[in-house]
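# Observations on the model geometry
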Amino acid sequence: MEKLLEVKDLAVSFQTFFGEVEAVRGVSFHVNKKETVALVGESGCGKSVTASSIMQLLPMPPAFYKSGQILFEGEDIIKKSEKEMQQIRGSQISMIFQDPMTSLNPTMKIGKQIVEGLVKNKKLSPSEAEKKAIDMLNLVSVPQPEKRIKQYPHEFSGGMRQRVMIAIAMVSNPKLLIADEPTTALDVTVQAQILDLMKEIQNQFDTSIILITHDLGVVADMSDRVIVMYAGQLMEEGTVYEIFKNPKHPYTRKLLGSVPRLDMDRSESLHSIEGTPPDLYAPPKGCPFFDRCDEAMVICKEYMPEREYHTDTHYSCCWLNHPMAKSVAEGSVV
Amino acid sequence: MSKYVIKRLAMAIVTLWVIITITFILMHSVPGDPFANENKRIPEAVYQNLLKKYGLDKPYSQQYLMYLKNIARGDFGESMKSNTETVNEMIARGFPVSASLGLQALLIALIFGPALGAIAALYQNKFPDYISMIISIIGVSVPSFVMGTFLIQFVARKVNWIPIGGWGEWRHTLLPSIALAMMPLAQMARLMRSSMLEVIGQDYIKTAKSKGISKSAVILKHSVRNAILPIVSILGTTISNLLVGSFVIEKIFGIPGLGMFFTTSIYNRDYTLIMGITVFYAIILILMLLFVDVAYTLIDPRIRLTEEGR
Amino acid sequence: MRNDIAYTKEMFEKAPQELRDSEKIKRPSIKYWADVWRRLKQNKLAMTGLVLLIILTIMSIIGTQISGYKYYEQNLKKINVKPNKEYWFGTDELGRDLFSRTWLGTRYSLIIGILAALIDFGIGVLYGGIAGMASPKVDSIMMRIAEVIYSIPYMLVVVLLSVVFSEAGAGTSMFVLILAMTITGWVPMANLVRGQVLQLKESEYSLASESIGASKGWILRKHIMPNTLGPILVNLTLTIPVAIFSEATLGFLGLGLQPPKPSLGTLANDGLAVMPIGLFYQILIPAVLISILMFSFNVLGDGLRDALDPRLRKQKEVEKWRSC
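On a predicted model such as this, the values are computed, not experimentally measured, just so you know. (Residues numbered from 1 in each chain as written. Chains lettered and ligands numbered in written order. Predicted model: local features only at pLDDT ≥ 70, side-chain atom pairs only at ≥ 80, totals over all residues.)

## Digging into the overall build of chain A
Along chain A, the regular secondary structure elements total 12 helices and 12 strands. In terms of C-alpha radius of gyration, chain A reaches 21 Å, essentially the compact-globule figure of 20 Å for 334 residues. The proportion of buried residues among the 334 residues of chain A is 46%. Here the analysis covers contacts within chain A between residues at least 6 apart in sequence; of these, 64% occur between residues at least 24 apart. (Helix = DSSP H or I, 4+ residues; strand = E, 2+ residues; numbered from the N terminus. Rg over C-alpha atoms; globule rule 2.2 N^0.38 Å. Buried ≥ 20, exposed ≤ 12 C-beta atoms within 10 Å, placed from the backbone. Contact = placed C-beta atoms within 7 Å.)

Encoded structure:
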């Protein structure tokens, strides 16, 4: 399989009023062509910052790269100039955001917002642009597109706006679509529709998708591979099957334990994850999940574990993978 | 939409009526009458004639009704001190002068104020931000009469082709309109800066950037377009402030506008002129406020809907 | 697995509770007002304003006693004297000491500005508070009335009132000036208070309080008042320069305090009269003082607004990276 995007050892920090926030701390992963990769984690864990880094949309300052490369089709995006990025944004990589209520310009007509990026890059005439806008609204199943392109965002419902956002993102037929919590702000019934639409469009255009979410239901439905992120670091990665059937990291297990499943016993209860993620103003030296982990060991406090591959596609970063962990645990039983 | 305009128009008429009534009551609650304190004693017959001429011999209620009726016809009556001009004629002479000065000042403020604020926001906490914020903090802190006198002292006295005062040519309007424009310019710059900063943080700006359009297109079509809305909403107040400023500026620069007539009429206790100009100003201002509010609903698509929805 | 560590068995023992410190708060928590003051102190511009205000206030109290000349004392032999060792700010057309007159004028300008702002504040809080807490019908009527009053161009009313009352022989007394300025000036404050009250009345914590049986008065005292205090304080600070400006403008138009009492506006007006004959200092000093007063109140108000809004500021800081 061909790699479309490869992120290598990415670290992003923010210089704020209170000091440096290490939002992303050495993250590496890749996205293949036509593949959907889910980036999962609690809010504030750095998944959105990672996504924005790929788009080069971080406000700099206060944000700055501490290290790393973002290779898109083999070229490092971080080294690109603003002008070069403008050629990539929208046409190669595009993005949809969490809140469709605030993601559309309230004073610009929908039709114009959809084709704005295209008009500039491909020099469309007004009538061509209008036709394209109507086509796009048809594609995302917005009824009466001829009428709708002349309307303003406040005349659309939340679900319809997210359809418009997808239309905006897909208008140039990008190779990679980054969906940042695309369904979080929507009603449950609308969520399913939007996910179906995204799948449909992905099949039609062969787009790769990075799906950022904290909703594991969405993950199971949509993605091929799952990356679990915590406090700016990657904890575990695997195919959907591996992550859901055989989670290795205690954090992944806890995440899964907090989601209701149909095959659950009635006597089984849902578990919340107690405590809060560490303050990234002063990130811990060892495993960041240490404070909240039931299985934490002495070593976890001081040392961050490295990746341990369980299969070709499945790794986790946890000291429990260490052979000594097992023997000590068994030894204590005896 | 038309319902909204009608509602606003009705409110405007009520406000106007309140102003006329207050003006009338105030002017007639002055003890004594306007002719009693003239220097030379007036013969009794002439005095009675004067009272009759201005309708002062009739009961208040009748005078009030007559005044309302005259204003409805657009007649502000005779000046009590000028024998050659009616109040209407004085307004017709002074208003174009004041209006052109005010308009010029408004244009200066509208062109430079928002631009200054936008630049400050785009370069937040950098050099251009500090410079434009210093300009605007000085602008809001220095009253227009101070600005006016300083401009005379330090510019008009030094530069030959800029006159110290008077009216007629374009160069006469230069300093007064700058002095008049400074405060609204500074207010607009401050407002634009904070509004722009807010807009820049909005999600839809990120959406716009993610489309790959150029930086300048993001700024002009998305940021400025939305950030300028609050500026439009304060235009009414700005015009009102310009008016007050014009009293002062016209006095300093000796400009024969309505403001100058107003201040002179205050000195002279020319009651019909005071009343006439007050009511005239009120009409202009209220119409402006109405116009600005209606214009605002046209510019901001969101407001249109909520007003229709009501 | 990392091979830079010398693994021991003990390392793989279950971590004892003492090692976990998830509940430890990394940043110190500071009391609200102490925090406001700390942030205000960091704002150099606001502190400059505060210091200038303190100096001007002190001078307005003691300044009239320093030069040894009374503000009404005329010395016709020494008229229009430029600033010198004897008369620090010079003398005016009647040979009065401008140093004493300037500081007395500052005093009157400050008093009028602050009193007018306080009265605006009092009426505004009362009216806006009542409207906000009242039934929607009463609220709507009250706000319509306020709307009509506010769309009356206030300077016209001020001028009219000053004309009428100065004609009555009382001179434009301080009372009339303040009355004239407050007659429409309270409306913005009322709007602000009403808006805040309405917003807070609907807020979850007020609802929560109501749901456990708290009375309206309790909610007003314990929830609404503390939370409206900040914006109101800022508005109050920013109303003062407006009032000072109005007073100065009136004085400049010849509608200020009755002579011989000076205000900064009337002093500037007197100064304008002698400007054509080259005596710029007479208008310069009051003009600069008015500007400094307005500058100080403006920057202090701005600083207070920034300092009082830690939620906003902190939120923005955090949002910057949380949301991107």
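After presenting the structure, the write-up continues.
## Quick word on the sheet that holds strand β5 (residues 75–76) of chain A
Residues and elements named next belong to chain A. Within the open sheet, the four strands sit side by side as β2-β1-β4-β5. Their pairing is antiparallel. At either end of the open sheet lies a strand with only one pairing partner, and these are β2 (19–32) and β5. Where strand β4 (residues 63–72) and β5 come together, two bridges link them in antiparallel fashion. Across the sheet, residue phenylalanine 72 finds its bridge partner in β5, namely glutamate 75. (Pairing = 2+ DSSP bridges.)

## Structural notes on the interface of chain B and chain A
On the chain A side, the residues contacting the 20 residues of chain B number 26 residues. Every element with two or more residues in the side of chain B that touches chain A is listed here: α8 (203–210), α9 (215–227) and α13 (301–309) of chain B. When residues of the side of chain B that touches chain A are assigned to their parent elements, the largest contribution, seven residues, is made by α8(B). Split into classes, the residues belonging to the side of chain B that touches chain A amount to five nonpolar, seven polar and eight charged. (Nonpolar A, V, L, I, M, F, W, Y, C, P; charged D, E, K, R; others polar.)

## A short note on the domain arrangement of chain A
Residue and element names in this part refer to chain A. You can read the domains of chain A as domain 1 (3–92 + 174–329) and domain 2 (104–173). Inter-centroid distance (C-alpha atoms) of domain 1 to domain 2 is 30 Å. Contacts between domain 1 and domain 2 engage 14 residues on the former and 13 residues on the latter. Looking at the side of domain 1 that touches domain 2 element by element, the count peaks at seven residues for helix α7 (residues 188–205). (Domains from an automatic or database assignment.)

## Describing unusual backbone geometry
Residue and element names in this part refer to chain A. At glutamate 181, a residue that is not glycine, the phi angle is positive and equals roughly 45°. Looking at where glutamate 181 falls in the secondary structure, it is placed in the loop between β7 (176–180) and α7. You can call glutamate 181 buried: it has 21 C-beta atoms within 10 Å. In the Ramachandran plot, aspartate 206 falls in the positive-phi region, its phi being about 55° despite a non-glycine side chain. Mapped onto the elements, aspartate 206 comes out in the loop between α7 and β8 (208–213).

## Comments concerning the sheet that holds β7(A)
All names here are of chain A. Spatial ordering of the open sheet is given by β6-β7-β8-β3-β9-β10-β12-β11, a layout of eight strands whose pairing is mixed. At either end of the open sheet lies a strand with only one pairing partner, and these are β6 (93–96) and β11 (308–309). The pairing of β6 with β7 spans four bridges and is classified as parallel. Looking at the pairing, isoleucine 96 lines up with alanine 179 of β7. Sheet contacts for helix α6 (residues 158–170): β6 and β7; angle to β6, the most-contacted strand, approximately 170°. (Axes fitted to C-alpha atoms, helices over the stretch in contact; angles between N-to-C directions.)

## Focus: the interface of chain B and chain C
In this complex, chain B contributes 37 residues to the contact, which on the side of chain C involves 33 residues. Here the side of chain B that touches chain C is composed, by residue class, of 26 nonpolar, nine polar and two charged.

## Focus: the packing of helix α1 (residues 2–28) of chain B against helix α4 (residues 136–151) of chain C
For the pair α1(B) and α4(C), the least separation of the axes is 9 Å and the interaxial angle reads 65°. Pair α1(B) / α4(C) crosses with right-handed handedness. The segment α1(B) lies against α4(C), with B:Met11, B:Val14, B:Thr15 and B:Val18 engaging C:Glu147, C:Val148 and C:Ser151. (Left-handed = near helix turned anticlockwise from the far one by under 90°.)

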